[in-house]
Amino acid sequence: MGGGDNRLLGLIQKFFNFNGTPLGVLFFCFAIYICLLILKKGLSTQKSVLLVVAITGGLIFHTTSGLFMLLIIPLSLIITLVNIRRKELKKYLYGTKISEWTILSLSCLVLLVPVSHYVYSAAAALPAETHFGSSIHYITTSIISSIYPLIPLSVLGIYMARNEKRDILTLFGTISILGYLLSILVVLPGNNQYKFVYLSTIAFSFLSIIGLYYAYFKTKGVLRVLGKVLSYTVFIIFFLSIIAIEFRYYKMWGVDKTNFYTENKKIYVTKENEYIDIYEWIRENTTEDAIVIMPLVSKDSDIRPGTINSYIFFIGERLPYVAYGDIYTEGINEYKSRVINVNLFYSENTQIEEKLKILGEFEKFSKERTSILLIPKENLEPISPYLNNLELIYSGKDANLYSFEDN
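Because the structure is a prediction, the values reported are computed rather than measured.

K.L.:
Looking at this structure, how should I read the packing of aromatic side chains?
P.N.:
How two aromatic rings sit relative to each other is set out by the distance from centre to centre and by the angle between their planes. Applying the stated criterion to the full structure yields 15 aromatic pairs. The interplanar angle of 85 degrees and the centroid separation of 5.4 Å between the aromatic rings of Tyr213 and Tyr214 together place this pair among those described as edge-to-face. Through a chain of ring-to-ring contacts, three or more aromatic side chains come together here, namely Tyr213, Tyr214, Tyr216, Phe217 and Tyr232. Against the face of Tyr321 rests Arg338, its NZ or CZ located 4.7 Å from the ring centre.

K.L.:
I keep staring at the packing of helix α4 (residues 63-84) against helix α9 (residues 166-185) and nothing clicks. Help me out?
P.N.:
Two quantities define a packed helix pair, namely the angle between the helix axes and the distance between the axes. Remark: α4 packs on α9, axes separated minimally by 9 Å, with the N-to-C direction vectors making an angle of 140 degrees. Seen from above, α4 lies across α9 with right-handed handedness. Listed contacts from α9 to Phe68, Leu71, Ile72, Ile73, Leu75, Ser76, Leu77, Ile79, Thr80 and Ile84 of α4 are Arg166, Asp167, Thr170, Leu171, Thr174, Ile175, Leu178, Gly179 and Leu182. Split into classes, the residues belonging to the contact of α4 with α9 amount to twelve nonpolar, five polar and two charged.

K.L.:
What is the right way to read the side chain of Asn341 from this model?
P.N.:
Here Asn341 lies in helix α14 (residues 335-345). We classify Asn341 as buried; its relative accessible area is 10%. Every residue in contact with Asn341, bar those within four places of it in the chain, is listed here: Ile358, Glu361 and Phe362.

K.L.:
Just to check I follow, could you spell out the side chain of Lys47 for this structure?
P.N.:
Among the secondary structure elements, Lys47 is positioned in helix α3 (residues 45-61). The charged side chain of Lys47 is buried without a salt bridge, its nearest counter-charge being Glu88 at 9.1 Å. Each residue touching Lys47, except ones within four places of it in the same chain, is listed here: Ile34, Leu37, Ile38, Lys41 and Gly42.

K.L.:
Looking at this structure, I do not really get the pattern of salt bridges. What am I missing?
P.N.:
It is possible for side chains bearing opposite charge to pair when their charged atoms get close. Applying the stated criterion to the full structure yields four salt bridges. Residue Arg85 is joined to Glu88 by a salt bridge in which the shortest nitrogen-to-oxygen separation is 3.8 Å. Residue class for Arg85 comes out partly exposed when judged on its relative accessible area of 23%. Relative accessible area serves as the criterion here: at 36%, Glu88 is assigned to the partly exposed category. Notably, a salt bridge pairs Asp167 with Arg85, separated by 2.7 Å at the nearest N-O pair. A residue pair is termed long-range when its members are at least 10 positions apart, and Asp167 in helix α9 and Arg85 in the loop between α4 and α5 (86-95) qualify at 82 residues. Among the charged side chains, a network of salt bridges with common partners joins Arg85, Glu88 and Asp167.

K.L.:
Help me understand the packing of helix α7 (residues 136-147) against α9 in this model?
P.N.:
Closest axis-to-axis distance for the α7/α9 pair is 8 Å, and the angle between their directions is 145 degrees. Only Tyr180, Ser183 and Ile184 of α9 make contact with α7, whose side of the interface consists of Ile136, Ile139, Thr140, Ile143 and Ile147. The class makeup of the residues in the contact of α7 with α9 is six nonpolar, two polar and no charged.

K.L.:
For this particular structure, what's the right way to read the environment of Ile293?
P.N.:
Structurally, the position occupied by Ile293 is in strand β5 (residues 291-293). The spatial distance from the C-alpha of Ile293 to the C-alpha of Tyr321 is 4.8 Å, given a sequence separation of 28 residues. Residue contacts for Ile293: discarding those within four places in its chain leaves Tyr321, Tyr346, Phe362, Ser371, Ile372, Leu373, Leu374 and Phe404.

Basis of the calculations
Residues numbered from 1 in each chain as written. Predicted model: local features only at pLDDT ≥ 70, side-chain atom pairs only at ≥ 80, totals over all residues. Heavy atoms only, no water. Phe/Tyr/Trp six-rings, centres within 6.5 Å; stacked < 30°, edge-to-face > 60°. Lys NZ or Arg CZ within 6 Å of the ring centre and 35° of its normal. Axes fitted to C-alpha atoms, helices over the stretch in contact; angles between N-to-C directions. Helix = DSSP H or I, 4+ residues; strand = E, 2+ residues; numbered from the N terminus. Left-handed = near helix turned anticlockwise from the far one by under 90°. Contact = heavy atoms within 4.5 Å. Nonpolar A, V, L, I, M, F, W, Y, C, P; charged D, E, K, R; others polar. Buried < 20%, exposed > 50% of the residue type's maximum accessible area, 1.4 Å probe, protein only. Lys, Arg positive; Asp, Glu negative; His and termini not counted. Salt bridge = Lys/Arg side-chain N within 4 Å of Asp/Glu carboxyl O.

Shown next as structure tokens:
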């Protein structure tokens, strides 16, 4: 189904990413497991401490998952206990010794306070800000796109298990609903609230699993046959999805292994790529704090429309003047003006007078930060007569490099 955030099109693929997401998901599932233990065997200080450990682990290894867990899991558990296990909750609240409350309080203090301070400091360091309620349609579409195949199975699970598993259904339902509401209300930098949708959908998937369980084991007659067929079909689709994604990753690994290699802690490419000789020269002949003024580049490893790939980051080992990418550069005040200037300067349709004005702004910036100017040879001819105040420091296959004399 189309619409919404493309990063939610393959939930399994997201789990296979080489980043903190898998750990975040595992800590999230660990927290859910502890909640299920509490519902089955009762609330205790030991289980409460383990829940704090799970949330802390999420905050440390995948902050977005940890924030989701911190805001949603305890609240969902409390709502479930109040509605389904109220007597057991009262028994724990009134029967727990002071020493156990002290252990629980110290655990929260030692584990959550330092990591919460770290999360706050990291968030404050990002120039992009968190907003509220400004992407309701976008996230709502993302939610529907993610869960629509699960809705029939989840409804089946809720209907068939409504008497036997009220507590479990309430827990998973509450996590899903509160998580989806959180993703709708909160807009994180880079629209990263899609990760709240991701985690909520995991909880929603457990409702579907309950539906499959009842369809396979609890139906009779003709419905039993249909239930088995449904269960096998879902299993096959899930299995094929994993195989397809694994094959894709294997293919990508083969391409990366062919195109890139390392030598003396440096990354090189084995085939001809645009500006590669330029990037290698920059890496070997400029200071590490040098800024490269060049056409708009992506901070990611893929190629986006109107941008160049991110080779400047891992081949040149230098930062560009402006880069496409949520959170990191789009949050700074100068981002929009830099993008406009770069696009105009490297456009064939821009008048030379406008290019000279922008060149003056580049030169002004160079007085604040050591800068070099990359001009593709295809853009060179119209402006070359006006580069007398710049020093040609390298002429590459596809572009020239210039430094500002006053640096």
